[in-house]
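Single-letter residue listing:
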Amino acid sequence: MELYESRVLNGVLKAYGGRYSPEQMADRLACDILITTPQARATENDLWPCIWSLAAALVRQFSGRIYVRAGLQRPLSQPVSLGPRVEFVSSCPPCAIEIAVGTTPISDARVIIQGNISGLSIMRQGIETTTTHLASPEGCFALAGYLAFEALAKAAGIPPFQLDLCKQDLLLPRSSAWDSKMLRASHLEFLGLGHLGNAYLALMFFICRNQNIWPSISVVDKDRLGPENWATHVLVGEQDESCGEFKADVLAKLVNGWGCEALPKSAEVTWDWKAPQTSETSGILGFDNFDARRMACNAGYDWIVESGLSTSFTEPLLTWHSFDGKSPAAKDIFPRNKLDQDESQLTDTPFIRELKSRDAGCGFLRYAGIDASAPSMGLVAAAYGWSELINNAHAPQRTAYRGIARLWSPFLPFWRRTF
């Protein structure tokens, strides 16, 4: 595989319109990173989900080592191993980037990034190390996503977008009071097990383990795992032995190992697709195309939560919807005239000209044909999506919402409205 075919590197190269060579950009992303958190908060019911998801995103976005200094000798309970490039240390190794969560930085790293979590509130630098509430799993994933994308953008030199609008804190749109027993009574069907589907399932691990309640779920995808999936799928290992197997089978086996009952469905969602009718079922959509979304919206789910990611690394955008899947409005959320993707603006640079001149232009077609988002974006999308799912699961009065958030600049206010 060519360097420019790496999904994250491809996205960063396109952010600059091909002005840099893959080797130049790969060198920028070869740095080591230190994650620091206070030892007292590095627990399963507080910052551990943030530590895990932050490391899971960073190890996919950077080729260096990720060091975790949190008073831990080894990982705590985790959905899947972080791999050999993530090390738990007691010292402070020299690193180009330090990300301090809930504490003050301890290194002289060239780039310092800070954040904190209190309950459902995520915060920027200039923070106090004490908090009022333990971190929520959704808050952990959201903060990890924002900070991991900031690390990627600063290392790659991507300029901030609308920096003047940034906030010092954001409150996730989830009710602080919810009946966790709804998870036991729910059936959740995860449709699309790529970037977003992996993030949704990883967050489910921490939410359900925190509550010690597991729903029955089914996982749906027609595709098989490939080596390219490592860059964005946080539940797939770098040298995964499951390459070539159906994603649904692999992830169902993994989730069953957590103690959750998971049914695999290695099938394509078509216009004939129907939601399970045995119990109230929520469909959690992680598709990367609008036709699959339209088909799932017509399948008769009791409730649907779906998310979408842009492929822009300069103005990274995520969207979400939460709505009654049996309402007439479900069929109109994704009208057929909606564009499925933005067209890449690739300037005529030496790198682009070289790609066009080789193999009758096949290299350029491969380069231009890759659409992917940074894994950090999926973490944030899962946090907003799970917030909506929890808000509306078995609520006496459900409300449909749509929302938009951007990750860079960090902590830009999100937009959320009823529809």
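Small disclaimer: the values here were computed from a predicted structure and weren't measured.

Thresholds, definitions, all that
- Residues numbered from 1 in each chain as written.
- Predicted model: local features only at pLDDT ≥ 70, side-chain atom pairs only at ≥ 80, totals over all residues.
- Heavy atoms only, no water.
- Buried < 20%, exposed > 50% of the residue type's maximum accessible area, 1.4 Å probe, protein only.
- Helix = DSSP H or I, 4+ residues; strand = E, 2+ residues; numbered from the N terminus.
- Arc of directions from axis to C-beta.
- Contact = heavy atoms within 4.5 Å.
- Salt bridge = Lys/Arg side-chain N within 4 Å of Asp/Glu carboxyl O.
- Pairing = 2+ DSSP bridges.
- Axes fitted to C-alpha atoms, helices over the stretch in contact; angles between N-to-C directions.
- Core = buried A, V, L, I, M, F, W, Y, C linked by side-chain atoms within 4.5 Å.

A.B. asks: Explain helix α10 (residues 362-369) to me, using residue names and the numbers behind them.
C.D. replies: G363, F364 and Y367 are the residues of α10 that are buried. Buried residues of α10, seen end-on, are gathered within an arc of 95° and therefore sit on one face of the element. Among the exposed residues of α10, those pointing more than 90 degrees away from its buried face are L365 and G369. Contacts made by the buried residues of α10 are with α1 (7-15) and α9 (350-357).

A.B. asks: Mind laying out the pattern of salt bridges, listing which residues take part and the relevant values?
C.D. replies: One pass over the structure, following the stated rule, counts 15 salt bridges. Notably, a salt bridge pairs E150 with R124, separated by 2.8 Å at the nearest N-O pair. Of this pair, E150 sits in helix α4 (residues 137-156) while R124 sits in the loop between β6 (121-123) and α4, placing them 26 residues apart in sequence. What makes R124 buried here is its relative accessible area of 7%. Between E150 and K154 there is a salt bridge whose closest N-O contact spans 2.9 Å. Placement of the pair is E150 and K154 together in helix α4, with a separation of four residues, close to one helical turn. Connected through salt bridges with shared partners, the residues R124, E150 and K154 form a single ionic network.

A.B. asks: Give me the lowdown on the sheet that holds strand β15 (residues 415-418), citing residues and values where you can.
C.D. replies: Pairing is mixed in the open sheet, where eight strands are placed in the order β10-β9-β8-β11-β12-β13-β14-β15. Here the strands that pair on one side only, and so sit at the sheet edges, are β10 (262-265) and β15. The average undirected angle you get between the axes of adjacent strands in this sheet is 15°. As defined by bridge partners, strand β12 (residues 303-309) adjoins strand β13 (residues 317-323) across six bridges and the pair is classed as antiparallel. Residue pairing in the sheet places G308 in a bridge with T319 of β13.

A.B. asks: An account of the sheet that holds strand β4 (residues 97-101) is requested, with residue identities and associated values reported.
C.D. replies: By way of backbone hydrogen bonds, the strands of a sheet pair with one another, either parallel or antiparallel. Within the open sheet, the seven strands sit side by side as β3-β2-β1-β4-β5-β6-β7. Their pairing is mixed. Pairing within the sheet leaves two strands with one partner each, and these edge strands are β3 (86-88) and β7 (169-171). If you compare each strand with its neighbour and ignore which way they point, the axes differ by 20° on average. With respect to the sheet, α4 is in contact with β4, β5 (111-118), β6 and β7, its orientation differing from that of β5 by roughly 170°.

A.B. asks: Break down the nonpolar core for me, with residues and values.
C.D. replies: By size, the foremost hydrophobic cluster in this structure holds 115 residues, and its most contacted members are I97, F190, L201 and W386. In terms of residues, this core owes the most to one element, α4, which gives 14 residues. If we skip the residues at most four places from it in the chain, F190 touches Y200, L201, M204, I217, S218, V219, V220, I284 and W386. One finds W273, L285, A296 and A400 within the second-largest nonpolar core, a separate group that totals 20 residues.

A.B. asks: Requested: an account of the pairing of β5, with residues and values cited.
C.D. replies: Taking burial as the measure, the eight residues of β5 include seven buried ones, the bulk of the element. In the sheet, β4 pairs with β5 via five bridges, with the strands oriented parallel. When the sheet's bridge partners are listed, V101 is paired in β5 with G115. In terms of strand pairing, β5 meets β6 through three bridges, oriented antiparallel. Residue N116 lies in a different strand from β6, and its bridge partner there is M123.

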